[in-house]
Amino acid sequence: MYKLIDGKKLAAKMRADIKSKVDEYKAASGKEIGLAVVLVGEDPASQVYVRNKIKACEEVGIKSYAYYLDKEVAQSRVEELIRSLSVDDKINGILVQLPLPRHLDSKKILELIPYAKDVDGFSAENMGRLCMNEPCLVACTPNGVMKMFESENIDLNGKNAVVIGRSNIVGKPMAMLLTNANATVTLCHSRTRDLKQKCLEADVVVAAIGKAKFIKADMIKDGAVVIDVGMNRDENGKLCGDVDFENVKEKCSFITPVPGGVGPMTITMLMYNTYLSATRS
Ligand code: NAP
């Protein structure tokens, strides 16, 4: 019998907890906590993400500063904005909504964010610190997955974990976090040979591939913990994950649904990182 890890419920609980910590911080320091959100252009998906981030800020008592820039804005103007936010005491976290329009050099822009305000945890400094298991701001999605393990008291010590997907924002930091939690990690990708066999040996599977229902029941060992990071549309246009949930669930001890699993945790961890960033500055 599997147990569903309810990301929506956990995220709501964590947000309430973050709100009380933010309130305490504000009362003790007399200062606000500020998150700058930079959106270039009018990509509809990015607009929804930014709106949700601003809403989450309101929910936890973080002050948001939104910067909406024209889709044709010059590289120098974006760089100038990031430089000024970097030295602005009101701003504890800077988030540049990706993807940026193609004429902009995203790498150069992101490199201007000081690591202490890099609440997405994407910078080389934060990634390097994570790799060395030192205090840092951790990428929000994989950090949210770790909170899900914690919430269910899932012991990772000595477990075989397979992460599928090696992106810098999900797969790689996920593999590092699991390694730091004493799991034995195999990081798989599109060139991995015999993925099915590797998955069958895993106590924990984290799927971050971006392919609808790619992980099938015959790839999962009985009693495994399955975390589905994927956000895709199925053949009927319905939101679904990378895991063939209906067929896989009965084999699992724990599984996350899509929607309502990892997704709600991501923005929550962004709020958490912004709070951390304020307390560390
Ligand atoms: P990505 O950058 O496109 O990376 C996908 C990874 O999957 C790559 O490493 C790729 O391998 C690997 N892959 C592709 N096909 C494969 C195959 N047949 N077998 C094994 N590995 C394969 O994607 P991402 O940004 O990490 O996102 C992954 C998924 O998570 C997407 O559905 C995305 O929408 C979702 N996501 C959700 C959240 C959330 O908050 N819930 C946040 C971020 C992302 P190569 O490196 O070899 O190409």
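Residues numbered from 1 in each chain as written. Predicted model: local features only at pLDDT ≥ 70, side-chain atom pairs only at ≥ 80, totals over all residues. Heavy atoms only, no water.

Digging into the packing of helix α1 (residues 7–29) against helix α6 (residues 140–151)
Taken N-terminus to C-terminus, the directions of α1 and α6 make an angle of 95 degrees; their axes are 11 Å apart at the nearest point. The orientation of α1 relative to α6 falls into the category roughly perpendicular. Together, Gly7, Leu10 and Met14 of α1 and Lys147, Met148 and Ser151 of α6 make up the contact between the two elements. Considered class by class, the residues forming the contact of α1 with α6 number 3 nonpolar, 2 polar and 1 charged. (Axes fitted to C-alpha atoms, helices over the stretch in contact; angles between N-to-C directions. Helix = DSSP H or I, 4+ residues; strand = E, 2+ residues; numbered from the N terminus. Parallel < 35°, antiparallel > 145°, perpendicular 65-115°, else oblique. Contact = heavy atoms within 4.5 Å. Nonpolar A, V, L, I, M, F, W, Y, C, P; charged D, E, K, R; others polar.)

Concerning the pairing of strand β11 (residues 252–255)
Alignment of strand β1 (residues 3–4) against β11, held across 2 bridges, turns out to be parallel. In the strand pairing of β11, Leu4 is matched with Ile255. Examined bridge by bridge, strand β8 (residues 224–228) and β11 share 3 bridges and lie parallel to one another. Among the inter-strand pairings, Ala224 is bridged to a residue of β11, identified as Cys252. (Pairing = 2+ DSSP bridges.)

Points about the sheet that holds strand β3 (residues 63–69)
On the basis of which strands lie adjacent, the open sheet formed by 3 strands has the order β3-β2-β4 and parallel pairing. The open sheet terminates on both sides in strands that have one partner only, identified here as β3 and β4 (93–96). Neighbour-to-neighbour, the strand axes of this sheet turn through a mean angle of 15 degrees, independent of strand direction. Inspection of the sheet shows strand β2 (residues 34–40) paired to β3 by 7 bridges, in the parallel sense.

A look at the site of the ligand
Taken together, 20 residues sit near the ligand, with Arg166, Ser167, Ser190, Met231 and Thr266 positioned nearest. Between a nitrogen atom of the ligand and a side-chain N or O atom of Lys211, the distance comes to 3.1 Å. Bound to the protein, the ligand loses 71% of the 920 Å² it would expose on its own. By residue class, the composition of the shell around the ligand is 8 nonpolar, 10 polar and 2 charged. (Near = heavy atom within 4 Å. Polar contact = N/O pair within 3.5 Å; in protein donor to acceptor, adjacent residues only side chain to side chain. Areas by Shrake-Rupley, 256 points an atom, 1.4 Å probe, with all protein chains shown as cover.)

A few points about the sheet that holds β1
What the 6 strands build is an open sheet, ordered β1-β11-β8-β7-β5-β6; its pairing is parallel. Strands at the two margins of the open sheet, each flanked by one partner only, are β1 and β6 (184–188). By the bridge criterion, 4 bridges tie strand β5 (residues 160–164) to strand β7 (residues 204–207) in an arrangement that is parallel. Of the residues in β7, the one forming a bridge with Val163 is Val206.

A word on the domain arrangement of the protein
Taken domain by domain, the protein consists of domain 1 (30–114) and domain 2 (140–263). A straight line from the C-alpha centre of domain 1 to that of domain 2 covers 30 Å. (Domains from an automatic or database assignment.)

Details of the pattern of salt bridges
Under the defined criterion, the tally for this structure stands at 14 salt bridges. For the salt bridge of Lys3 with Glu152, the shortest nitrogen-to-oxygen distance reads 2.8 Å. With Lys3 in strand β1 and Glu152 in the loop between α6 and β5, this pair connects stretches of sequence that are 149 residues apart. In this structure, the salt-bridge partner of Asp218 is Lys196, at a minimum N-O distance of 3.4 Å. On the criterion of sequence distance, the pair formed by Asp218 in the loop between β7 and β8 and Lys196 in helix α8 (residues 195–200) is long-range, its members being 22 residues apart. (Salt bridge = Lys/Arg side-chain N within 4 Å of Asp/Glu carboxyl O.)

Comments concerning the environment of Phe254
Residue position: Phe254 is located in strand β11. For the pair Phe254 and Glu32, spaced 222 residues apart in sequence, the C-alpha separation works out to 39 Å. In contact with Phe254, other than residues within four places in its own chain, are Lys3, Ile5, Glu152, Ile154, Ala224, Val225 and Val226.

Describing the pairing of β6
By the bridge criterion, 5 bridges tie β5 to β6 in an arrangement that is parallel. The partner of Asn160 across the bridge, within β6, is Thr184. Between the parallel elements β5 and β6, the chain passes through helix α7 (residues 171–180) in a crossover that is right-handed. (Right-handed = clockwise from strand over helix to strand, strands pointing away.)

A short note on α1
Its 23 residues place the ends of α1 32 Å apart at the C-alpha level, agreeing with the 33 Å of an ideal helix rising 1.5 Å per residue. Listing the buried residues of α1 in full gives Gly7, Leu10, Ala11, Met14, Arg15, Ile18, Val22 and Tyr25. For α1, the secondary structure elements touched by its buried residues are α2 (44–60), α6 and α10 (262–280). Taking the backbone nitrogen of Lys8 as reference, a side-chain oxygen 3.1 Å away marks Asp6 as the first, capping residue of α1. Note on α1: the residue one or two positions beyond its end, Gly30, has a positive phi of about 70 degrees. (Expected span 1.5 Å × (residues − 1). Buried < 20%, exposed > 50% of the residue type's maximum accessible area, 1.4 Å probe, protein only.)

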